[in-house]
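One letter stands for each residue in the lines below.
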Amino acid sequence: MNVELMIESLPALLSGLVVTFQLVAAALVVGFVIALPTALARISRLAILRGLALGYAFFFRGTPLLVQIFLIYYGFAQSEALRDSILWPILREPYWCALIAFSLNTGAYSAEVFRGGIQSVPHGQVEAARAIGMSPASVFRRIVWPQALRQALPAYGNEIILLVKASSLASTVTLMDITGVARTLAAETYMPIEMFTAAAAIYLALTYSMSWGIVLLERRLTPKESRV
Amino acid sequence: MKLKILAAAALASVLGQAAQADPIRIATEGAYPPFNYVDESGELKGFDVDIAKALCEEMDAECEIISQAWDGMIPGLRAGKYDAIVASMSITEKRKNAVNFTRPYYQAGAILVGPEGSDIALDPEKLNGKTIGVQRATTYANLMREKYPEAEIKLYDTVENHNLDLKSERLDGVVAQRVFMHNWLEEEGNDGFEFKGDPVLDEDYIGEGAGIAVDKSNPELLERLDTALAAILENGTYDELNSKYFPFSIRKD
């Protein structure tokens, strides 16, 4: 293994890390914004909301992310009407197409995770809070959500790590993320082992630090007296 | 006396073997139209096949053309399963270590393709700020990166994908192999695009072209093929075959 070459390629790979990190961070934020209302819709009393949320999760959890990216990037671009619309400046860019696909995908999975967290809060607590006069909104904000988030964190952390790894698919739509840079360097240098080992090391560092962040957050959210 | 008969028998069998090995066996792939492919009746056809036949006629030799999977092509030659490869094989330094090549018999070159009427060309000034698509890990990617850094270069996994993005107007142009792009332009729905300028034939970027590979243990055949190739290039046979397949010349002088 040519370690020198791996070190030489680090600056290029780290420029890929910036792209990967940006994409994942933005997709997590947008995904979260999608996931929370979707989770609430899934347990809503209104059948139409339940149906919509279920259909969304059904599609985005039931199809490969690569297919979703290709549909958004190559598929939409086939329509001339869309190319003439105001959406085209956004859908023209591979970055936005990847971000949309990642956000919708992680949103669908996270919604399920949050739904599980919300439903794990004993119903008696909600009834007690209502009985002392809390509005439904503050019941959710002060009673349900803090416990639901704590319950959902391990699974949500898992989803974040899966998203980091799935983001490597961005390289298929010309983005120069970590994988995109590594593939290009591997083709130029004929040293695929070195390049992909270096890329793997960067992904490991990224996922490791993210899972540490989740662990720290878990500790913070666990009440002191219940810590073992 | 007995010894003499034995010797004669041995000689006869050696001669017999030589006679059996007489047809020159030429391998091609049969999966790279229009250069080599198998037609509906199962027959090998294409530019490579026609060149091989013309060379055999020129050498006055009997030839047998067989199809062979691409990845086992050079190992098969070295193992003696056939005598030569005429399969659009690009001459590279790496392959030269394993086999001998004749002079290149064609070089398709790289071509820029863009929308009809657009002012784009392989020229630093005209590429400034333009987005050009190329396939990752190809000579075309190297060409663009090293010679035209003014353009924004996008790397695609396949030629089909960069052509899709050319059609959806994400790209101002693509650079790819000339024959492939010529065929693409002929396809339905791609008539809004055209070749932009002359093909790039610079050996430093796109290599020497395609050559005929012969095993290193067989320099005689290499010489015969080179002589025959020079002859068909000279006597018009080559140009005739060229124009049968392509409206532009791909000969390499």
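Residues numbered from 1 in each chain as written. Chains lettered and ligands numbered in written order. Predicted model: local features only at pLDDT ≥ 70, side-chain atom pairs only at ≥ 80, totals over all residues. Heavy atoms only, no water.

For chain B, an unreviewed UniProt entry supplies the name Amino acid ABC transporter substrate-binding protein, PAAT family and the organism Salinihabitans flavidus. Comment text from UniProt for chain B, heading Sequence similarities (unreviewed entry), reads "Belongs to the bacterial solute-binding protein 3 family." (UniProt positions renumbered as here; feature names shortened; annotations may be inferred.)

As recorded in an unreviewed UniProt entry, chain A goes by Amino acid ABC transporter membrane protein 2, PAAT family and comes from Salinihabitans flavidus. Regarding chain A, the relevant UniProt record gives this comment under Sequence similarities (unreviewed entry): "Belongs to the binding-protein-dependent transport system permease family. HisMQ subfamily."

A. Spatial organisation of the domain arrangement of chain B. Residue and element names in this part refer to chain B. If you check the domain split of chain B, you get domain 1 (21-107 + 208-245) and domain 2 (110-206). Computed over C-alpha atoms only, the centres of domain 1 and domain 2 are separated by 29 Å. Counting residues at the interface gives 5 residues for domain 1 and 7 residues for domain 2. Summed over both partners, the interface of domain 1 with domain 2 buries about 500 Å², with 51% contributed by carbon and sulfur atoms. The interface formed by domain 1 and domain 2 holds 0 salt bridges in total. Viewed at the interface, domain 2 and domain 1 are joined by 0 residue pairs in polar contact (both at pLDDT 80 or more). Residues of the side of domain 1 that touches domain 2, tallied by class, amount to 3 nonpolar, 1 polar and 1 charged. (Domains from an automatic or database assignment. Contact = heavy atoms within 4.5 Å. Buried area = accessible area lost by both parts, 1.4 Å probe. Salt bridge = Lys/Arg side-chain N within 4 Å of Asp/Glu carboxyl O. Polar contact = N/O pair within 3.5 Å; in protein donor to acceptor, adjacent residues only side chain to side chain. Nonpolar A, V, L, I, M, F, W, Y, C, P; charged D, E, K, R; others polar.)

B. How the structure looks around helix H7 (residues 159-167) of chain B. Residues of H7(B) that are buried include every one of B:Val159, B:Asn161, B:His162, B:Asn163, B:Asp165 and B:Leu166, and no others. A positive backbone phi angle near 70° is found at B:Glu169, which sits one or two residues after H7(B). (Buried < 20%, exposed > 50% of the residue type's maximum accessible area, 1.4 Å probe, protein only. Helix = DSSP H or I, 4+ residues; strand = E, 2+ residues; numbered from the N terminus.)

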